[in-house]
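Examining the three-dimensional arrangement
Chain by chain, the residues:
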Amino acid sequence: MLLIGLTGSIATGKSTTAALLTSPPYSLPLIDADVLARKAVEPGTWGYRNIVATFGPSTPDLLLPADDPLSGSSENGPDGKGRPLNRPALGRRVFGNSEERTADRKKLNGIVHPAVRLYMLRSVLYYYIRGHWAVVLDIPLLFESGLDIFCSTTIVVAVSDPKIQMQRLRQRDEHLSAEDAQNRVASQVDVREKAKRAEMKGEGRGYVLYNDGEKEHLELQLADVLAKIRSRSPWWWSWALLLCPPFMVGVASWEVLLGWWRRRRAQKERGHELPKAKL
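Summary of the structure given here. On a predicted model such as this, the values are computed, not experimentally measured, just so you know.

Focus: the overall build of the protein
Scanning the protein from N- to C-terminus turns up 11 helices and 5 strands. Here the C-alpha radius of gyration of the protein, 20 Å, is about what a compact globule of 279 residues would show, namely 19 Å. A principal-axis box enclosing the C-alpha atoms of the protein has dimensions of 55 × 40 × 35 Å. Per-residue burial over the protein gives 47% buried out of 279 residues. In the protein, the share of contacts with a sequence separation of at least 24, taken over all contacts with a separation of at least 6, comes to 72%. Carbon and sulfur atoms make up 57% of the accessible area of the protein, which amounts to about 14,700 Å² in all. Positive and negative charge centroids in the protein, built from 39 and 31 side chains respectively, lie 7 Å apart.

Written out as structure tokens, the structure reads:
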């Protein structure tokens, strides 16, 4: 089973690409790191309790008000496990490049990401047992977390002009001020840097979809990329991996080793690496 790593940056079109991949004619299963991150901080979970304990004392609006519909008009939330997190308030607390916000973002990642990794591994095993030829890992921090070495190939959805990214973000999230939008973009690695990382993986290992125009153009690029990826994984190969788990483990180990070597070579050639982020 191929692991296709899908990444990009905020407001570049990654979610649109993910929707296309899960729809006909591809109908690929998708593991969304953002969805798993939400699941990891639902009221009553270990992640939720730790976020409240860490940020609650200094963030008065960390939880939604009791009269909010999502809170079920209750101080203890709709199911008695606590009021949901106020995500915009938490976002203002951790997004940005100041020393304080960077430290807070590291604290938040340290709480959320271990649970996300566990959910992700469980989902990959599920789709492997079901016999799927490929699964898409939708991970915003794919390169920063180092998880790209586990992927057979990576797809980066990018834009060539930063102004397009800011314009789409403000249109999508109208509640964001210009400063908030800029902080969210600045808190992530530039998507053009991610595109370079994908291209340096070599032919068949990394692809870049430039989503500067209409959706139809993105669809054409995606169709071309998926045809190339599918040609590398004929049906008999998928069945061989499924029916012989030891063989699958050997192939997966080789893929990880090759991915690690390619990443180290790219870092030496460029003289630097992306900022670290655990996931």
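Quick look at the pattern of salt bridges
Side chains that differ in sign of charge can pair as their charged atoms come close. Applying the stated criterion to the full structure yields 8 salt bridges. Here Glu144 makes a salt bridge to Lys194, at a shortest N to O gap of 3.3 Å. On the criterion of sequence distance, the pair formed by Glu144 in the loop between β3 (134-138) and β4 (153-158) and Lys194 in helix α8 (residues 191-199) is long-range, its members being 50 residues apart. The partner of Asp173 in a salt bridge is Arg172, and the shortest N-O contact between them spans 3.2 Å.

Observations regarding the packing of aromatic side chains
Within this structure, the stated rule accounts for 1 aromatic pair. When the centroid spacing of 5.1 Å and the interplanar angle of 70° are considered together, the rings of Tyr126 and Tyr127 count as edge-to-face. Judged by its relative accessible area of 19%, Tyr127 falls in the buried class. Lying over the aromatic face of Tyr119, Lys39 brings its terminal NZ or CZ to 4.7 Å of the ring centre. Cation over ring: Arg230 sits above Trp133, and NZ or CZ is 4.2 Å from the ring centre.

Some points on the layout of surface pockets
Here the second largest pocket defines a volume of roughly 680 Å³. Within the residue set of the lining of the second largest pocket, elements represented by two or more residues are β1 (2-8), α5 (99-129), α10 (235-243) and α11 (245-270). No other element matches the 6 residues that α5 contributes to the lining of the second largest pocket. Grouping the amino acids of the lining of the second largest pocket by side-chain chemistry returns 20 nonpolar, 3 polar and 3 charged. Of the domains in this structure, domain 1 (1-29 + 133-267) and domain 2 (34-131) are the two that each give at least three residues to the lining of the second largest pocket.

Let's talk about the nonpolar core
One recurring pattern in soluble globular proteins: nonpolar side chains tend to sit buried together. Core analysis: the largest hydrophobic core is formed by 30 residues, its most contacted members being Ile31, Ile51, Leu85, Met120 and Leu137. Sorting the residues of this core by element identifies α2 (33-40), α3 (46-55), α4 (87-94), α5 and β3 as the ones contributing at least two each. Ranked by the residues each element gives to this core, the list is headed by α5, at 9 residues. Here this core gathers at least three residues from each of two domains, domain 1 (1-29 + 133-267) and domain 2 (34-131). Setting aside its immediate chain neighbours within four residues, Leu85 contacts Val41, Tyr48, Ile51, Val52, Leu62, Leu63, Leu64 and Leu90. Ile4, Leu21, Trp133 and Val225 belong to the second-largest nonpolar core, a separate cluster that totals 19 residues.

Here is what the cut-offs are and how they apply
Residues numbered from 1 in each chain as written. Predicted model: local features only at pLDDT ≥ 70, side-chain atom pairs only at ≥ 80, totals over all residues. Heavy atoms only, no water. Helix = DSSP H or I, 4+ residues; strand = E, 2+ residues; numbered from the N terminus. Rg over C-alpha atoms; globule rule 2.2 N^0.38 Å. Buried < 20%, exposed > 50% of the residue type's maximum accessible area, 1.4 Å probe, protein only. Contact = heavy atoms within 4.5 Å. Areas by Shrake-Rupley, 256 points an atom, 1.4 Å probe, with all protein chains shown as cover. Lys, Arg positive; Asp, Glu negative; His and termini not counted. Charge placed at Lys NZ, Arg CZ, Asp CG, Glu CD. Salt bridge = Lys/Arg side-chain N within 4 Å of Asp/Glu carboxyl O. Phe/Tyr/Trp six-rings, centres within 6.5 Å; stacked < 30°, edge-to-face > 60°. Lys NZ or Arg CZ within 6 Å of the ring centre and 35° of its normal. 1 Å grid on protein atoms, 1.4 Å probe; cavity = no way out; pocket = protein on both sides within 12 Å on 5 of 7 lines; lining within 4 Å. Points joined across faces, edges and corners; volume = space filled by probe spheres on them. Nonpolar A, V, L, I, M, F, W, Y, C, P; charged D, E, K, R; others polar. Domains from an automatic or database assignment. Core = buried A, V, L, I, M, F, W, Y, C linked by side-chain atoms within 4.5 Å.

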